[in-house]
Amino acid sequence: MPRHELILLKNMSEPGYTGSLVDYEKTGGYQALRKTLGKIAPADVTAMVRKSGLRGRGGAGFPTGVKWGFLPKDYQGPRYLCCNADESEPGTFKDRQLMERDPHQVLEGIVLSCYAIGAETAFIYIRGEMVLGSKILEHAIAEARAAGYIGKNILGTGLHADVWVHRGAGAYICGEETALLESLEGKRGLPRTKPPFPATHGLYNKPTVVNNVETLANLPHIMSRGPEWFAAIGSPPKSTGTRVFCVSGHVKRPGNYEVPMGVTVRELVYEHAGGMRSDKPIKAFIPGGASAPFLTPAHLDVKLDFESVAAAGSMLGSGGVTVMEEGTSMVWAALRLMEFFYHESCGKCSPCREGSAWLVQTMRRILAKRGRMEDLETLLDLCKNIAGRTICAFGDAEVAPIQSTLKYWRQEYVDLVNEAEAANLIRLEPAGRP
Amino acid sequence: MPESTTPTVRLTIDGITVKVPKGTLVIEAARRIGVMIPHFCYHPKLKPDANCRMCLVEIEKMPKLQTACSTPVDEGMSVRTATTVVNDAHRSVLEFILANHPLDCPVCDQGGKCDLQDFSHQYTATSRFVETKRIFQKEYFSPLIETQMNRCVQCLRCVRYCDEVMDVKALAPVGRGTMTEIKHFGPHPLNCEFCGGCVQICPVGAITSRLSMYEYRPWMLKRADTICGYCGDGCQMTVQTKDQELIEVNSAHGAGRNNGDLCARGFFGFHAASHPDRLTHPLIRRNGALVQTTWEEALEYVANRVSELKDMHGGQGFGGLISGRCTNEELYVFQKFMRGAIGTNNIDSSARYGHVNSLHAMRLVQGTHRWTVTFDDVLDADVLVLVGTNITETNPITGLKVKEAVKKRRATLITIESLEPVIDTMSNIANLSHHHFRIPPSEMQNGILGLLKAVIEENLILPDISQRYPAYVKAVTTALRAFSWQDLHRATGIEPDSFIQAAKVLAAGRRVIVLTGQVLLRSERGYAGSLTLLDLLMLTGKLDQPGCGFAPLAEENNDQGAVEMGAIAEFLPGACFADNAADRERFMHLWKRDLPLTVGASLVDMLHRAQAGSLKAMFIVGENPVASLPAQIRAEDSLRKLDLLVCQELFLTETAALAHVVLPAASSMEKNGTFTNTEGHVQAVRPSIEPIGESRPDWEVFAALSILLGMPMEYAESKDILKEIRGAISGYTSLGPTPLPPKVDRTAMDRYLSQGYQPDLTTRYRLIAPQSRPDGTLQMGFGQSLFHSGKLSTRSKGLLQLEGNGRLRINPVDAARFALMDGDRVRLCSTSGEMTTEIKIMERVPQGTAWFPDHFGQAAVGLFECAIDPITHVPSFRTATVSMMKVA
């Protein structure tokens, strides 16, 4: 097994590390904060982060420093930082571990980010189900506040940054940044129309940055070891640093593995996750959470960085790698994900609301061997009509499983339809003109 | 605001170049050149939500299709709305929207005026949907509004309207994804303001009116654009009828002064006109009973009796009372008849109940009797002051202007109201207020004095005023220093700093409008309060500034018109004082008649004279003093003493039941004419049905009587009267869309500031000592409910379903103190009388106060004592201290 240097998971990999403030300080915790606050100008912090090449770890992979740069420079009044901890993507469980096992690493990142963007208030919007994580964070915030790392007049610099934990109420869509802001404001969590973007009109209509937990956790390391160090890790120049990949599915040892950007799925599965659970060959995998299209064994040597995965027709997304072995029904797998998207479609825009219900019903019918050959074209057409026509990226995400399975494993669909036709179950006729 | 200062941008839409103001949305720019982009969720009144995705268009240099409803125009933008890609997108979105739609068009009330139907037709939409449709269980929603959620396209227009425009927030989407349906809060039928906005704004048949359910197809209906006959806001509405039947009322977006918004009274209250109790034939008293007769007989009887009584007692033996619900033409002919044919100034109208207080104050201070601002100025104001308006319930559409100014245009709102700022089922203006002063109804004046004192103490007086009118400023200052901040704090319970903060905002405002309404105007200090509010504007230098002004809200639809037509003792038409020789001369010449010199008696005076026996005959048109005035006035007793009482009425009211002759009048749904709304805008009233039975417009009765009396007023139709009005007074020359308000008359202002302010200055600047109430009593007020207007609306079946009987509104804390639950019966006793009623618990009613809707007030009038303003003769009887006791 090739040894890669651990950065984010390093502390928690040490035996006996509890994640308390004392433990964190022993490993050099909050030194980056001491080094930065009041000593490096906020604009320079942003420039350093931009130079490090750090990109968002939530899914979209937008360069963090650039995002910070969008905030209006001369705005008088409050700005906000929101830490997106609403980790709900099927197959993704890295943020949870980062928060539960090493909360101060995240908090230090939050305070650094607040400093860079000039925010005095940060909200951690944590998924409602992560009760433990929220308790741990609240305890850690209390510790850090008592030690002067959070709150008023941090480390005597005269700078303020208060951090609050807000638990969501169980909607996947609240991980979408504008829906998160709506929910945080106490409204129904529905995505907002963009523009305007949160950078100018965010929480309570104030300039706001929304960053993922893992993104923020990287900041202390960038500040203490320098952007050049970070930019050299992974596959520079565009995908720098490490990624915590959440490997799940039919592997022997599912879990979080931190590796530099650019390793292959083959290495992840066979050298870190212990290979396939029944030693069957890999049939399919998702490289970046449920929203990323399926890939095939032919893509096992694609480098896991933003550009290479995109070039292969999928996306690196949230880093949730779900692996399926030979024998898995891909129609079933696609339906399983489709059921999730149907359940979570917020219902704000028509194509996604109506489309997800339609797709899931057609898929159920095909799997129940009541499909027709024209359904396959309808599925593809509906996918095309949803993608790109919705307010948020949910529409693009929900069509990924069907589009990619129909692309690579169309025969499985055809076989099911043929079986249906052979069984001569009820014929369905389209309604025609309404 | 002047449009010339807004920068414009040029863009092309489908190859056509168009220039629009910066910030315009693509969908609006397209509409300007006649390109209609299909949409469901977009509405010009609402913030774009872009949820239906129907309005996708191609915009050059943008990779994806964009929603035209949420994209602002940009210089040089090139938009395509009819390419294959766009058409395919529209068709596909339509296919999605239709997927779960029940296609129950044959039984849908929206059929024929449904956006979904129209677009389906336009795009010859077909559906490949063969799955199971989602079905929502049918649920009972409310007595007047029906929902059919299977038809809903989830555009959320209703929810957004309810929140953004009405500030009610009664509706919300519930559930997620395709299971999203529109619901209200709580395990009971909907209990909101029932403005009908959700019904009007729904693009499909998901929310409809139960009053007209299953009754018609749109193309079967005849439409008439007319003006609502309830409050002074003067909303334009379209009455839709099938033959003689009133089916539905709505108001098109952009229509009238209300811009298409209506309230419960306008939207659901139209059935009063077709109530089965309408009088259809003239009635005459024979052997003590009223029996049916013919118009000929009734009119001849009246004419003969009038001649006899006039010969015996002269014109001064007569009196006339007319309702502010009549048209201008009727009011004009009425007063011309009384003055010219009968020869008396004993004339009064319902404006006397309060509106007159503000008009006299305006006449004195600024020389006009109209607003110097319009609704548009209210929208543009940067500081709005509301004093005793209870605006949501009395003048809901003016209320919408205030809400828009505050919510969308960031005006600062100062309120002196008897309201607690709490959220409940109706909008509450106190919730939007930046500086709220909670003052009991009888003590409104103390709140005004607080602001004035802050102006004096903080030296916020316009220096110019101090220099030019030192005596005035000194007099006011002295009067305001007669009490201390501590006295004011003791009287109101409000810290001086609150007044100071509000006064500073007011003084710094550039466009300041003070709105006041019934709670102040119908109180004992109605006139004094109006004057002090005008002083407030004067001292801060706002009164004569453009966009600033004093705006009293009229209670009845044509109270303003009643005064302007001269249907009031002291005024000739045009609000000229009846004792002004030049004006009398002018009208004598115009009417070719002698006009009486004797000063006219007002409402209560007339009744007193009848009681004393010096007034022998009365014409009462649409008024019901027996049920409206407190028992102390003994209206019934007085009217019984008359030798002749002629009533023109829609219904056999308590007053009409005493008459010698009752003549059936046509309602405003049945006649032509004009109404003048509270801002002085004259608007056309058009008939939507034929007069019920043999009823006739009131002016015809007086025209006929005048012929029988040998002093003919010849008018063929109401237009002829309007023509005469136009010749006689200003402000009635055109029925144009935008009224130009009069300006403050500088000479009048000068006169006021030099000496006009002097009479009773110290009286009106005296603090009202808070009434000490014994424990176990409440200060009870008489007020207007949102669901009724006067007593007319209590004949409307729709509104009766919302509020069918009068219930005393009290605060939950008081209810708990008396161990009362919603709906419990209580007996109320005051020094004057007692009554029994049910209670309704409302959190917005401040502790220690209670109010009862005056629409059901026959029993309640006995509780009140009446005070008459010595200057304006307004009878005030709106508050009383009552003890309360629970009864079985």
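All values reported here derive from a predicted model rather than from experimental measurement.

A. Molecular detail of the overall build of chain A. Helix and strand content of chain A: 18 helices and 10 strands. Reported as C-alpha extents along the three principal axes, the dimensions of chain A are approximately 80 × 50 × 35 Å. Taking all 434 residues of chain A together, 56% fall into the buried category. Counting contacts in chain A only where the partners sit at least 6 residues apart, residues at least 24 apart contribute 71% of the total.

B. Region of interest: the overall build of chain B. Check the secondary structure of chain B and you find 31 helices and 36 strands. Over its C-alpha atoms chain B spans a radius of gyration of 29 Å, differing by no more than 12% from the 29 Å that the globule rule assigns to 888 residues. Its C-alpha atoms give chain B principal-axis dimensions of roughly 90 × 70 × 65 Å. Looking at chain B as a whole, 57% of its 888 residues qualify as buried.

C. Looking closely at helix α8 (residues 131–146) of chain A. All names here are of chain A. When the terminal C-alpha atoms of α8 are compared, their 23 Å separation across 16 residues agrees well with the 22 Å that a helix rising 1.5 Å per residue should span. Residues G133, S134, L137, A140, I141 and A144 constitute the buried set of α8. For α8, the angular spread of the buried residues around the axis is 130°, confining them to a single face. Pointing more than 90 degrees away from the buried face of α8 are the exposed residues V131, L132, K135, A142 and A146. The elements touched by buried residues of α8 are α2 (21–26), α6 (94–101), α7 (103–117), β2 (121–126) and β3 (162–167). Immediately beyond the C-terminal end of α8, within one or two residues, lies G148, with a positive phi of roughly 85°.

D. Expanded view of the sheet that holds strand β17 (residues 383–387) of chain B. Residues and elements named next belong to chain B. Taken in spatial order, the 5 strands make up an open sheet running β19-β18-β17-β20-β21, and their pairing is parallel. Pairing within the sheet leaves two strands with one partner each, and these edge strands are β19 (435–438) and β21 (549–552). Strand-to-strand, the axes of this sheet are offset by a mean angle of 10°, without reference to chain direction. Note: strand β18 (residues 412–417) against β19, 4 bridges, orientation parallel. Bridge pairing in β19 links I414 to H435. Of the strands in this sheet, β17, β18, β19 and β20 (512–516) are in contact with helix α18 (residues 496–508), which crosses β19 at around 130°.

E. Summary view of the interface of chain A and chain B. Each partner contributes residues to the interface: chain A has 30 residues there, and chain B has 34 residues. Residue assignment for the side of chain A that touches chain B shows that the elements contributing at least two residues are α15 (350–367) and α16 (373–386) of chain A. Among the elements that make up the side of chain A that touches chain B, the one with the highest residue count is α15(A) (10 residues). Classifying every residue of the side of chain A that touches chain B gives 11 nonpolar, 13 polar and 6 charged.

F. Representation of the nonpolar core. In terms of nonpolar packing, the biggest core is built from 224 residues, with A:C82, A:C83 and A:V111 touching the most fellow members. Leave out the neighbours within four places in its chain, and A:V111 touches A:L33, A:Y149, A:I150, A:I154 and A:A161. Counting residues in hydrophobic clusters, the runner-up holds 177 residues, among them B:L279, B:I322, B:A554 and B:I839.

G. Up close: helix α4 (residues 157–165) of chain B. Most of α4(B) sits out of view: 7 of its 9 residues are buried. Downstream of α4(B) by a residue or two, B:D167 has a phi angle that is positive, lying close to 60°.

H. Region of interest: the confidence of the model for chain B. Per-residue confidence for chain B gives a mean pLDDT of 94; residues scoring 70 or more make up 99%. For this predicted complex, the interface score ipTM comes out at 0.93, alongside a pTM of 0.95.

I. Seen up close, the environment of A:S20. Tracing the chain through its elements places A:S20 in the loop between α1 (10–13) and α2. A:S20 sits 84 residues away from A:H104 along the chain, and the two C-alpha atoms are 7.6 Å apart.

J. Summary view of the packing of α15(A) against helix α2 (residues 84–99) of chain B. Viewed as axis vectors pointing N to C, α15(A) and α2(B) meet at an angle of 60°, and their least axial separation amounts to 9 Å. Put simply, α15(A) runs oblique to α2(B). Our pair here, α15(A) against α2(B), has a crossing hand that is left-handed. Judged by residue contacts, A:S350, A:P351, A:E354, A:G355 and A:W358 of α15(A) engage B:V93, B:F96, B:I97 and B:A99 from α2(B). Of the residues in the contact of α15(A) with α2(B), the class split is 6 nonpolar, 2 polar and 1 charged.

K. Fine view of the packing of α16(A) against helix α17 (residues 394–408) of chain A. Residues and elements named next belong to chain A. Two numbers describe how α16 lies on α17: the axes approach to 9 Å, and their chain directions differ by 150°. For the element pair α16 / α17, the angle class is roughly antiparallel. In this structure, the crossing between α16 and α17 has a hand that is left-handed. Contact residues: α16 offers L376, L379, L380, C383 and I386, while α17 offers G395, E398, V399, I402, Q403 and L406. Looking at the contact of α16 with α17, its residues break down into 8 nonpolar, 2 polar and 1 charged.

L. Up close: the sheet that holds strand β13 (residues 283–286) of chain B. Residues and elements named next belong to chain B. Here 7 strands make up an open sheet; going across it, the order is β14-β13-β26-β25-β24-β15-β16 and the pairing mixed. Every interior strand has two partners, whereas the edge strands, β14 (289–292) and β16 (347–349), have only one. In this sheet, adjacent strand axes meet at a mean angle of 20° when their direction is disregarded. Alignment of strand β25 (residues 644–649) against strand β26 (residues 661–664), held across 4 bridges, turns out to be parallel.

M. Highlighting the pairing of β18(B). Residue and element names in this part refer to chain B. Among the 6 residues in β18, 6 count as buried, and that is most of the element. Of the two faces of β18, the one lined by T412, I414 and I416 and the one lined by L413, T415 and E417 are each fully buried. Direction of pairing for β17 relative to β18: parallel, over a ladder of 5 bridges. The partner of L386 across the bridge, within β18, is T415.

N. Structural detail: unusual backbone geometry. With omega at 0°, the peptide bond leading from A:P195 into A:P196 counts as cis. Mapped onto the secondary structure, A:P196 falls in the loop between α9 (177–184) and β4 (208–212). With an omega of 5°, the peptide bond between A:P236 and A:P237 qualifies as cis. Non-glycine residue A:L155 carries a positive phi angle of around 50°. On the secondary structure map, A:L155 appears in the loop between α8 and β3. For A:L155, a count of 15 C-beta atoms within 10 Å puts it in the partly exposed group. The backbone of B:A575 shows a phi angle near 55°, a positive value even though the residue is not glycine. One can find B:A575 in the loop between β22 (571–572) and β23 (576–577). Taking the number of C-beta atoms within 10 Å as the measure of exposure, B:A575 has 23 and is therefore buried.

O. Main features of the confidence of the model for chain A. The predicted model of chain A averages 94 in pLDDT, with 97% of residues at 70 or higher. Looking across chain A, the model is least confident in strand β5 (residues 234–235) of chain A, with a mean pLDDT of 92, and most confident in β2(A), with 98.

P. Main features of the environment of A:P227. Residue and element names in this part refer to chain A. By secondary structure assignment, the location of P227 is in helix α11 (residues 227–232). Assessed through the 19 C-beta atoms surrounding it within 10 Å, P227 is described here as partly exposed. Counting along the chain gives 174 residues from P227 to G53, while the straight-line C-alpha distance between them is 8.0 Å. Setting aside chain neighbours within four positions, we find P227 in contact with M48, K51, S52 and I222.

Q. Broad picture of the environment of B:E300. All names here are of chain B. With respect to the helices and strands, the residue E300 is situated in helix α7 (residues 295–313). By the C-beta count within 10 Å, which is 13 here, E300 ends up partly exposed. Expressed as a C-alpha distance, the spacing of E300 and L708, which sit 408 residues apart in the sequence, is 7.3 Å.

R. Quick look at the pairing of strand β24 (residues 617–621) of chain B. Residues and elements named next belong to chain B. Summarising burial for β24: 5 of the 5 residues are buried, a large majority. Of the pairings in the sheet, the one linking strand β15 (residues 318–322) to β24 comprises 5 bridges and is parallel in character. Bridge pairing links L321 to I620 in β24. Here β24 runs beside β25; their pairing, made up of 5 bridges, is parallel.

The rules behind each value
- Residues numbered from 1 in each chain as written.
- Chains lettered and ligands numbered in written order.
- Predicted model: local features only at pLDDT ≥ 70, side-chain atom pairs only at ≥ 80, totals over all residues.
- Helix = DSSP H or I, 4+ residues; strand = E, 2+ residues; numbered from the N terminus.
- Buried ≥ 20, exposed ≤ 12 C-beta atoms within 10 Å, placed from the backbone.
- Contact = placed C-beta atoms within 7 Å.
- Rg over C-alpha atoms; globule rule 2.2 N^0.38 Å.
- Expected span 1.5 Å × (residues − 1).
- Arc of directions from axis to C-beta.
- Pairing = 2+ DSSP bridges.
- Axes fitted to C-alpha atoms, helices over the stretch in contact; angles between N-to-C directions.
- Nonpolar A, V, L, I, M, F, W, Y, C, P; charged D, E, K, R; others polar.
- Core = buried A, V, L, I, M, F, W, Y, C linked by C-beta atoms within 7 Å.
- pLDDT = per-residue confidence, 0-100.
- Parallel < 35°, antiparallel > 145°, perpendicular 65-115°, else oblique.
- Left-handed = near helix turned anticlockwise from the far one by under 90°.

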